[in-house]
Amino acid sequence: CSVDEKLGVEMDEESCFKARLIAVLLEYGDKGMDLSNIKKKWKQVWGPEEPFPSQYEELDETEDNCADKAKRQKRKKIPMSELLLRLAGDVIRLDRNSESGGFKVFPKECSREKVTRAAVRNNGPCR
């Protein structure tokens, strides 16, 4: 995280992902964001230099290949809801949208109002 380096704070990739995800979610305010729009909005906010984590995980499978066993890599796609809960479940919540049946994603402990109050209290944006 280059911003964090400037602030003298060292953050790991997981923390950076969580902070970036919260920033994306705050674009939609308190109404939450449809789960299906997360990747699209991520690209708009962060661009290609900060790609969204892959939804695929590598699986090792052993397969009979005549007499010898050959290791073969397989990929399994992880549902977006599961991926977000794995990577950021402590900072987001998923609520079922009663109208569409899909999910909406919300930050757990952060809102635009809280960010605005913190900025005012600290005399402006991050210093």
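To start, this report covers the structure provided alongside it. (Residues numbered from 1 in each chain as written. Predicted model: local features only at pLDDT ≥ 70, side-chain atom pairs only at ≥ 80, totals over all residues. Heavy atoms only, no water.)

### Considerations on the environment of N37
Now for step 1: With respect to the helices, strands and loops of the structure, N37 is situated in the loop between β1 (33-34) and α3 (38-46).
Now for step 2: Note on N37: relative accessible area 27%, which makes it partly exposed.
Now for step 3: For the pair formed by N37 and V105, sequence separation is 68 residues and the distance between their alpha carbons is 9.8 Å. (Helix = DSSP H or I, 4+ residues; strand = E, 2+ residues; numbered from the N terminus. Buried < 20%, exposed > 50% of the residue type's maximum accessible area, 1.4 Å probe, protein only.)

### Remarks on the packing of aromatic side chains
Now for step 1: Taken as a whole and assessed by the stated rule, the structure comprises four aromatic pairs.
Now for step 2: With a centroid separation of 5.7 Å and 70° between ring planes, the pair formed by F17 and F52 is classed as edge-to-face. Of the two residues, F17 sits in helix α2 (residues 13-26) while F52 sits in the loop between α3 and β2 (56-65), which places them 35 residues apart along the sequence. Here F17 and F52 have matching classes, each one buried.
Now for step 3: Chaining the aromatic ring pairs together yields one cluster made of F17, W42, W46 and F52.
Now for step 4: The ring of F106 carries the charged tip of R93 above its face, separated from the ring centre by 4.3 Å.
Now for step 5: Lying across the ring of F103, R96 places its NZ or CZ 4.3 Å from the centre. (Phe/Tyr/Trp six-rings, centres within 6.5 Å; stacked < 30°, edge-to-face > 60°. Lys NZ or Arg CZ within 6 Å of the ring centre and 35° of its normal.)

### Things to note about the nonpolar core
Within soluble globular proteins, side chains that are nonpolar tend to cluster in buried spots.
Now for step 1: In terms of nonpolar packing, the biggest core is built from 19 residues, with L21, I38, F52, L84, I92 and V105 touching the most fellow members.
Now for step 2: Within the residue set of this core, elements represented by two or more residues are α2, α3, α4 (80-88) and β4 (92-96).
Now for step 3: The element best represented in this core is α2, accounting for six residues.
Now for step 4: Aside from chain neighbours lying at most four places away, what touches L21 is I38, W42, L84, A88 and I92. (Core = buried A, V, L, I, M, F, W, Y, C linked by side-chain atoms within 4.5 Å. Contact = heavy atoms within 4.5 Å.)

### Some remarks on the pairing of β4
Now for step 1: Pairing of β4 with strand β5 (residues 103-107) involves five bridges; the strand directions are antiparallel. Within the sheet, the bridge partner assigned to D95 lies in β5 and is K104.
Now for step 2: Where β4 hands over to β5, the hairpin turn is made up of six residues, of which G101 adopts a positive phi near 85°. (Pairing = 2+ DSSP bridges.)

### Some points on the sheet that holds β1
Now for step 1: The antiparallel open sheet is built from three strands, whose spatial order is β1-β5-β4. Among the strands making up the open sheet, the edge pair consists of β1 and β4.
Now for step 2: Pairing of β1 with β5, which is carried by two bridges, proceeds in the antiparallel orientation. Paired with M33 across the strands is V105, a residue of β5.
Now for step 3: Against the sheet, α2 contacts β1, β4 and β5, and its axis sits at roughly 110° relative to β5. (Axes fitted to C-alpha atoms, helices over the stretch in contact; angles between N-to-C directions.)

### Observations concerning the pattern of salt bridges
Now for step 1: Applying the stated rule across the entire model yields eight salt bridges.
Now for step 2: We note a salt bridge from K18 to D90, for which the minimum N-O separation is 3.0 Å. Of the two residues, K18 is situated in helix α2 and D90 in the loop between α4 and β4; the sequence distance between them amounts to 72 residues.
Now for step 3: When its relative accessible area of 13% is taken as the criterion, K18 is described as buried.
Now for step 4: When the shortest N-O distance is used, the salt bridge between R93 and D95 registers 3.1 Å.
Now for step 5: Residue classification places R93 among the partly exposed residues on the basis of a relative accessible area of 35%.
Now for step 6: Several salt bridges converge on common partners, so that one network encompasses E14, K18 and D90. (Salt bridge = Lys/Arg side-chain N within 4 Å of Asp/Glu carboxyl O.)

Don't take any of this as a statement about function, it's just geometry.
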